[in-house]
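# Observations on the three-dimensional arrangement
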Amino acid sequence: MNIKDILEKNELTKEDLVTLMKIDNPTDLDLLFKKAYEVKAKYVGRKVYYRGLIEISNVCIKNCKYCGIRRDNHKVERFSMNKDEIMQAVKWIYDNNYGSIALQSGERQDSEFVDFIEDIIREIKKLSNGKLGITLSLGEQSYETYKRWFDAGAHRYLLRIESTNENIFKHIHPQDKKHEFQVRKRCLEFLRDIGYQVGTGVMIGMPNQTEEDLVNDILFYKDMKIDMIGMGPYILHKDTPLGQEWEDIVPTTEKRVELGLKMIAITRIFLKDVNIAATTALQGLDPLGREKGLLAGANILMPTATLQDYKGKYLLYDNKPGIDDSVERAKALLDEKVKSVGDEIVYGEWGDSPYFKRKNS
Ligand code: 5AD
Ligand code: SF4
């Protein structure tokens, strides 16, 4: 069957998805992206929602082998924003009428950290009269911790599964109790049971990751009833074990960007009304990455509102874009980009995924 026929089908099989993931000629790629944009327009609208991202700390107890802020990277200067600094960034996001905020940091599970986050969530709710939506991206936690943060007012949580191929998962993490696939998966289940809108995602374009692996990742999103997806290409970080091991075997930049865009497009076509982010990592490999992501079906952008002093220290991978831009400049650039694509920016709304509402109705 040719690509056109597959794209016209109502129900796609796994085999169809793999065929789409293997597309490598410009004509068919174009058809794929056009179809994905059509599905986006129909199911979530030609609209883009912003999540103001604050990277509150690069302290991390984990040692993921791909990540620049892993515990054993002693070259990193560690920082943790204090409450005033965080609230200053929150205020900027609120004043600029972004509907939601996302708090991200390296992982910590100590009680001081858990209390601190709970307090910050309540402060954000207070500052915005409950208006700012709050997304957390703070790693693996206990059910109780997730519940406390939910009760304090957070309503979305991002926790990437990184790869659903368990051999890849094992290869990219240390072999210890702190880095287990099943634990990560159980966390996603906790989050869903508590009532969060749950986001996950994977890294794309790792050596030995096949098209079928990526399709399995999409099937996992469906099985796990995932509401939001944030995924992007893998990017080397030179001071990490994989940055060195993979230096010569990682797929080309073009290939990783193309795979990243295909993942967005196929996920949009298959899952229809979920939220999908065009991530910074995509832009990290292609200056037009985020625009291309929107055209391939993404509808969420997460502009960073981290204070200037700290931006250069939250480096998960090399050549992270935008770390020298002021928040104002980053906003102006992004507004321009969204308009260039023909999408409308929606201000002042939470922008929940229609799928989350449909699932619960
Ligand atoms: N390249 C791309 N993405 C990365 N992440 C961490 N390190 C890298 C890297 N080198 C992503 C992971 C993690 C998220 C916070 O950032 O998917 O879940
Ligand atoms: Fe820590 Fe997240 Fe980086 Fe892993 S990916 S080392 S948990 S910040």
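Here is a short report on the structure shown in this document. (Residues numbered from 1 in each chain as written. Chains lettered and ligands numbered in written order. Predicted model: local features only at pLDDT ≥ 70, side-chain atom pairs only at ≥ 80, totals over all residues. Heavy atoms only, no water.)

A few words now on the overall build of the chain. Check the secondary structure of the chain and you find 16 helices and 10 strands. Taking 361 residues into account, the globule formula puts the C-alpha radius of gyration at 21 Å, and the chain, at 19 Å, falls close to it. Split into buried and exposed, the 361 residues of the chain put 59% on the buried side. Residue pairs in contact within the chain that sit at least 24 positions apart in sequence constitute 76% of those at least 6 positions apart. Total accessible area computed for the chain in this model is approximately 15400 Å², and 49% of it derives from carbon and sulfur atoms. When the 55 basic and 57 acidic side-chain charges of the chain are each reduced to a single mean position, those positions are 3 Å apart. (Helix = DSSP H or I, 4+ residues; strand = E, 2+ residues; numbered from the N terminus. Rg over C-alpha atoms; globule rule 2.2 N^0.38 Å. Buried < 20%, exposed > 50% of the residue type's maximum accessible area, 1.4 Å probe, protein only. Contact = heavy atoms within 4.5 Å. Areas by Shrake-Rupley, 256 points an atom, 1.4 Å probe, with all protein chains shown as cover. Lys, Arg positive; Asp, Glu negative; His and termini not counted. Charge placed at Lys NZ, Arg CZ, Asp CG, Glu CD.)

The immediate surroundings of ligand 1 are formed by Tyr66, Cys67, Arg160, Glu162, Met203, Pro233, Tyr234, Ile235, Leu316 and Tyr317. Take Tyr66: an N or O atom from its main chain is 3.0 Å from a nitrogen atom of ligand 1. Considering ligand 1 on its own, with 400 Å² of exposed area, one finds that the protein chains cover 86% of that surface. When grouped by side-chain class, the residues that make up the shell around ligand 1 number 8 nonpolar, no polar and 2 charged. (Near = heavy atom within 4 Å. Polar contact = N/O pair within 3.5 Å; in protein donor to acceptor, adjacent residues only side chain to side chain. Nonpolar A, V, L, I, M, F, W, Y, C, P; charged D, E, K, R; others polar.)

Moving on to the site of ligand 2. The local shell around ligand 2 consists of Cys60, Lys62, Cys64, Tyr66, Cys67, Ile69, Arg70 and Gly106. Classifying every residue of the shell around ligand 2 gives 5 nonpolar, 1 polar and 2 charged.

Turning to the pairing of strand S8 (residues 275-278), a few remarks are in order. Burial along S8 is two-sided: the residues Asn275 and Ala277 and Ile276 and Ala278 are all buried. For strand S7 (residues 228-233) and S8, the ladder comprises 4 bridges, and the chain directions are parallel. Note on S8: the bridge partner recorded for Met231 is Ala278. (Pairing = 2+ DSSP bridges.)

Between its first and last C-alpha atoms helix H4 (residues 83-95) spans 18 Å; for 13 residues at 1.5 Å apiece the expected length is 18 Å, and the two agree. Along H4, the positions that sit buried rather than exposed are Glu85, Ile86, Met87, Ala89, Val90, Trp92 and Ile93. Each element contacted by the buried residues of H4 is listed here: strand S1 (47-57), strand S2 (100-105), helix H5 (111-127), helix H14 (308-311) and helix H15 (327-341). Directly beyond the C-terminal end of H4, a positive phi value near 65° is found at Asn97. (Expected span 1.5 Å × (residues − 1).)

It is characteristic of soluble globular proteins that their nonpolar side chains tend to be buried jointly. If you look at the biggest cluster of nonpolar residues, it comprises 111 residues, and the most contacted ones within it are Leu136, Trp149, Tyr196 and Tyr221. Considering every element that reaches this core, the biggest residue donor is helix H11 (residues 253-271), with 10 residues. The contact partners of Tyr221, leaving out residues within four places of it in the chain, are Thr200, Gly201, Val202, Ile226, Ile229, Met231, Met263, Thr267 and Leu271. The next biggest cluster of nonpolar side chains, apart from the first, holds 7 residues, and it includes Ala277, Ile300, Met302 and Val346. (Core = buried A, V, L, I, M, F, W, Y, C linked by side-chain atoms within 4.5 Å.)

Our next topic: the side chain of His237. Mapping His237 onto the fold places it in the loop between S7 and helix H10 (241-245). With near-sequence residues (within four places) excluded, His237 lies in contact with Tyr66, Gly68, Asn73, Gly243, Leu315, Leu316, Tyr317 and Asp318.

For the rest of this paragraph, the subject is unusual backbone geometry. We note that Asn208 has phi near 70°; this positive angle belongs to a residue other than glycine. In this structure, Asn208 sits in the loop between strand S6 (203-204) and helix H9 (211-223). The exposed category is assigned to Asn208, whose relative accessible area is 69%. The phi angle at Lys272 is positive, at roughly 65°, despite the residue not being glycine. As for its placement among the helices and strands, Lys272 is situated in the loop between H11 and S8. The class for Lys272 is partly exposed, based on a relative accessible area of 26%.

In short, the description is geometric, and any link to function would need to be established separately.
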